[in-house]
Amino acid sequence: LLFLSGLVFIIGFRRTFTFFFQRPKLKGTSFFFGGLIVVLMRWPILGMLLEAYGFISLFRSFFPVAFGFLGSLANIPLLSQVRGGWAALSMG
């Protein structure tokens, strides 16, 4: 809930709505909101796993950009390996 409210405050309600309900991202959105509902139904572990899968599915295209930025910020060997792996996955 805090993530959603923070996103609404940062980018606005309309852009948040259009981000979550784009056709290619409906699978991630359904898992994210389904996990939120499962958490509220007092199944926190399962709900958090569903939310995590939905989050990863929603922001999959952003991870290479974030790792690239962190890798360029400091020369961290582990991040450069992860960045190379994500780049290979996104290209394949």
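On a predicted model such as this, the values are computed, not experimentally measured, just so you know.

Draft legend 1. Focus on the UniProt feature "transmembrane region" (unreviewed entry) in the protein. Look at the UniProt record and you will see "transmembrane region" (unreviewed entry) annotated at residues 28-50 and 62-82. What you have in residues 28-50 is 87% helix and 0% strand, and the ends, taken at the C-alpha atoms, are 9 Å apart.

Draft legend 2. Focus on the packing of aromatic side chains. Throughout the structure, instances matching the rule amount to 13 aromatic pairs. Three or more aromatic residues joined by ring pairs form one cluster here, namely Phe3, Phe13, Phe17, Phe19, Phe20, Phe21, Phe32, Phe33, Phe55 and Phe59.

Draft legend 3. Representation of helix α2 (residues 13-20) within the structure. By the burial criterion, the buried members of α2 are Thr16, Phe19 and Phe20. Taken down its axis, α2 places every buried residue within 90° of arc, on the same side. Projecting away from the buried face of α2 at angles above 90 degrees are the exposed residues Arg14 and Arg15. Those residues of α2 that are buried lie in contact with α1 (2-11), α3 (26-40) and α4 (44-58).

Draft legend 4. Molecular detail of the nonpolar core. The biggest cluster of nonpolar side chains holds 9 residues, and these are Leu4, Leu7, Phe19, Phe20, Phe32, Leu36, Leu58, Phe59 and Phe63. With residues near it in sequence (within four places) discarded, Phe19 still touches Lys25, Leu58 and Phe59.

Draft legend 5. Structural context of a nonpolar patch on the surface. A cluster of nonpolar side chains, contributed by Phe13, Phe17, Phe21 and Leu26, occupies part of the molecular surface with about 430 Å² of accessible area. Structurally, Phe17 is set in helix α2.

Draft legend 6. Just the packing of α1 against α2, in detail. At a minimum axis separation of 7 Å, α1 and α2 run at an interaxial angle of 125°. Judged on the interaxial angle alone, α2 and α1 are oblique. Contacts between α1 and α2 involve Phe3, Leu4, Leu7, Val8 and Ile11 from the first element and Phe13, Arg15, Thr16 and Phe20 from the second. Considering only residue class, the contact of α1 with α2 consists of 7 nonpolar, 1 polar and 1 charged.

Draft legend 7. Layout of the environment of Leu46. Position of Leu46 relative to the elements: it lies in helix α4. As for Leu46 and Gly35, which are separated by 11 residues in sequence, their C-alpha atoms are 7.3 Å apart.

Draft legend 8. The arrangement of the packing of α3 against α4 in detail. Running from N to C, α3 and α4 point in directions that differ by 160°, and their axes come no closer than 7 Å. Considering the angle they form, α3 stands roughly antiparallel to α4. For the pair α3 and α4, the sense of crossing is left-handed. Here Lys27, Gly28, Thr29, Phe31, Phe32, Gly35, Leu36, Val38 and Val39 of α3 come into contact with α4, specifically with Pro44, Leu46, Gly47, Met48, Leu50, Glu51, Tyr53, Gly54, Phe55, Ser57 and Leu58. Counted by class, the contact of α3 with α4 contains 12 nonpolar, 6 polar and 2 charged residues.

The rules we used
Residues numbered from 1 in each chain as written. Predicted model: local features only at pLDDT ≥ 70, side-chain atom pairs only at ≥ 80, totals over all residues. Heavy atoms only, no water. UniProt positions renumbered as here; feature names shortened; annotations may be inferred. Helix = DSSP H or I, 4+ residues; strand = E, 2+ residues; numbered from the N terminus. Phe/Tyr/Trp six-rings, centres within 6.5 Å; stacked < 30°, edge-to-face > 60°. Buried < 20%, exposed > 50% of the residue type's maximum accessible area, 1.4 Å probe, protein only. Arc of directions from axis to C-beta. Contact = heavy atoms within 4.5 Å. Core = buried A, V, L, I, M, F, W, Y, C linked by side-chain atoms within 4.5 Å. Patch = residues over 30% accessible without salt bridge, like charges linked within 9 Å, V, L, I, M, F, W, Y side chains within 5 Å. Areas by Shrake-Rupley, 256 points an atom, 1.4 Å probe, with all protein chains shown as cover. Salt bridge = Lys/Arg side-chain N within 4 Å of Asp/Glu carboxyl O. Axes fitted to C-alpha atoms, helices over the stretch in contact; angles between N-to-C directions. Parallel < 35°, antiparallel > 145°, perpendicular 65-115°, else oblique. Nonpolar A, V, L, I, M, F, W, Y, C, P; charged D, E, K, R; others polar. Left-handed = near helix turned anticlockwise from the far one by under 90°.

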